[in-house]
Amino acid sequence: SFCPKCGCPTNDDEKTVHVIPPGYSAYLPTGTVLQGKYRINHVLGQGGFGITYDGTDLKLQMHIAIKEYFPRQVAERFSGNTYNVTCTQSAQIMYEQGMQNFLKEARNMAKFVGQEHFISVHDYFVENNTAYIIMEYVEGQNLKDYMKQHGRLSMDSALRIIAPVMEAVEKIHSAGMIHRDISP
């Protein structure tokens, strides 16, 4: 497993071994421009299969979110090759299949554009030996951080939050899809 903050490997007893090679960064540098029109402003977060950035659509002058396919178990990015993502030869097939699934996710998300409780997808593409999804940026706080600040939710508060999520999941399931990435 890997440290959720820096991506460093953890050892058998789950202690992080911070041995980042010189020049290593999982994240694209601030100011990076993708496809000549999407600028990275800063990192919003990283999960097991990707990094989400705060971004700007330079042509439309619009605030966006940029999701990058970056499965931290196998993906790497080094200073000599700052933008391109690499992985070990033994993980190449798994990496490429995952990237195809990531792009399929973008196409599936686009089917729900304009529907309540869904983030709009504006674009998706392959660049830097990885894939990106350009999405609507939604201002707000995630549930995990909200609960850290405010503590346990009442049943009524929890139901008000979870009901729209369940409505969206129901629409996804009705379309024959399964959502595998619901998180606070």
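Please refer to the structure higher up on the page.
Described below are features of the structure shown in this document. Quantities reported herein were computed from a predicted structural model and do not represent experimental measurements.

### Comments concerning the overall build of the chain
Reasoning step 1: The secondary structure content of the chain amounts to three helices and eight strands.
Reasoning step 2: Ordered by position from N to C terminus, the α and β elements of the chain give β-β-β-β-β-β-α-β-β-α-α.
Reasoning step 3: For the chain, the proportion of contacts with a sequence separation of at least 24, taken over those separated by at least 6, is 45%.
Reasoning step 4: A total of about 11,500 Å² of accessible surface is found on the chain, and carbon and sulfur atoms cover 53% of it.

### Looking at helix α2 (residues 143-150)
Because an α-helix packs 3.6 residues into every turn, residues spaced three or four apart end up facing the same way.
Reasoning step 1: Of the residues that open α2, the one with a side-chain oxygen 3.2 Å from the backbone nitrogen of Lys144 is Asn142.
Reasoning step 2: Downstream of α2 by a residue or two, Gly151 has a phi angle that is positive, lying close to 80 degrees.

### Quick notes on the sheet that holds strand β4 (residues 62-69)
Strand pairing in a sheet is mediated by backbone hydrogen bonds. Such pairs are either parallel or antiparallel.
Reasoning step 1: Overall, antiparallel pairing links the six strands, which are arranged β1-β2-β3-β4-β8-β7 in an open sheet. Bordering the open sheet on either side are β1 (33-34) and β7 (121-127), each of which pairs with just one other strand.
Reasoning step 2: Pairing geometry for β7 and strand β8 (residues 130-136), over six bridges, is antiparallel. Bridge assignment links Val121 to a residue of β8, and that residue is Met135.
Reasoning step 3: On the sheet, helix α1 (residues 92-110) packs against β4, β7 and β8 and is oriented at approximately 20 degrees with respect to β8.

### A few points about α1
Reasoning step 1: The first and last C-alpha atoms of α1 sit 27 Å apart over 19 residues, in line with the 27 Å expected at 1.5 Å per residue.
Reasoning step 2: Among all positions in α1, only Gln92, Tyr95, Gly98, Met99, Phe102, Leu103, Ala106, Asn108 and Met109 are buried.
Reasoning step 3: Close packing links the buried residues of α1 with β4, β5 (75-76), β6 (86-87), β7 and β8.

### A word on the nonpolar core
Reasoning step 1: Within the largest apolar cluster, 30 residues are counted, with the highest numbers of intra-cluster contacts made by Leu34, Tyr38, Ile66 and Tyr95.
Reasoning step 2: For this core, the element with the most residues is α1, which contributes six residues.
Reasoning step 3: Residues contacting Ile66, with those up to four places away along its chain left out, are Leu34, Tyr38, Arg39, Ile40, Ile51, Thr52, Tyr53, Gly55, Tyr132, Ile133 and Ile134.

### Quick word on the packing of aromatic side chains
Reasoning step 1: Scanning the entire structure with this criterion turns up five aromatic pairs.
Reasoning step 2: With centroids separated by 5.6 Å and ring planes inclined at 45 degrees, the aromatic side chains of Tyr69 and Phe102 adopt a geometry described as tilted. You can see Tyr69 sitting in strand β4 and its partner Phe102 sitting in helix α1, a full 33 residues away along the chain. Of the two residues examined, Tyr69 and Phe102, each falls in the buried class.
Reasoning step 3: Taking 4.6 Å as the distance between ring centres and 10 degrees as the angle between the ring planes, the aromatic pair formed by Phe112 and Phe118 counts as stacked.
Reasoning step 4: According to the relative accessible area criterion, Phe118 is buried, its value standing at 16%.

### Concerning the environment of Ser120
Reasoning step 1: Structurally, the position occupied by Ser120 is in the loop between α1 and β7.
Reasoning step 2: Classification of Ser120 by relative accessible area gives buried; the value is 15%.
Reasoning step 3: Between the C-alpha atoms of Ser120 and Glu136, which are 16 residues apart in sequence, the distance is 5.2 Å.
Reasoning step 4: Once residues lying within four places of it in the same chain are set aside, the contact partners of Ser120 are Val113, Gly114, Ile134, Met135 and Glu136.

### Topic: a nonpolar patch on the surface
Reasoning step 1: Residues Met155, Leu159, Ile162, Val165 and Met166 make up a contiguous nonpolar surface patch of about 450 Å² in total accessible area.
Reasoning step 2: Note on placement: Ile162 falls in helix α3 (residues 155-174).
Reasoning step 3: Take Ile162: its relative accessible area is 37%, and that puts it in the partly exposed class.

Definitions and cut-offs
- Residues numbered from 1 in each chain as written.
- Predicted model: local features only at pLDDT ≥ 70, side-chain atom pairs only at ≥ 80, totals over all residues.
- Heavy atoms only, no water.
- Helix = DSSP H or I, 4+ residues; strand = E, 2+ residues; numbered from the N terminus.
- Contact = heavy atoms within 4.5 Å.
- Areas by Shrake-Rupley, 256 points an atom, 1.4 Å probe, with all protein chains shown as cover.
- Polar contact = N/O pair within 3.5 Å; in protein donor to acceptor, adjacent residues only side chain to side chain.
- Pairing = 2+ DSSP bridges.
- Axes fitted to C-alpha atoms, helices over the stretch in contact; angles between N-to-C directions.
- Expected span 1.5 Å × (residues − 1).
- Buried < 20%, exposed > 50% of the residue type's maximum accessible area, 1.4 Å probe, protein only.
- Core = buried A, V, L, I, M, F, W, Y, C linked by side-chain atoms within 4.5 Å.
- Phe/Tyr/Trp six-rings, centres within 6.5 Å; stacked < 30°, edge-to-face > 60°.
- Patch = residues over 30% accessible without salt bridge, like charges linked within 9 Å, V, L, I, M, F, W, Y side chains within 5 Å.
- Salt bridge = Lys/Arg side-chain N within 4 Å of Asp/Glu carboxyl O.

Function cannot be inferred from these measures alone, as they are strictly geometric.
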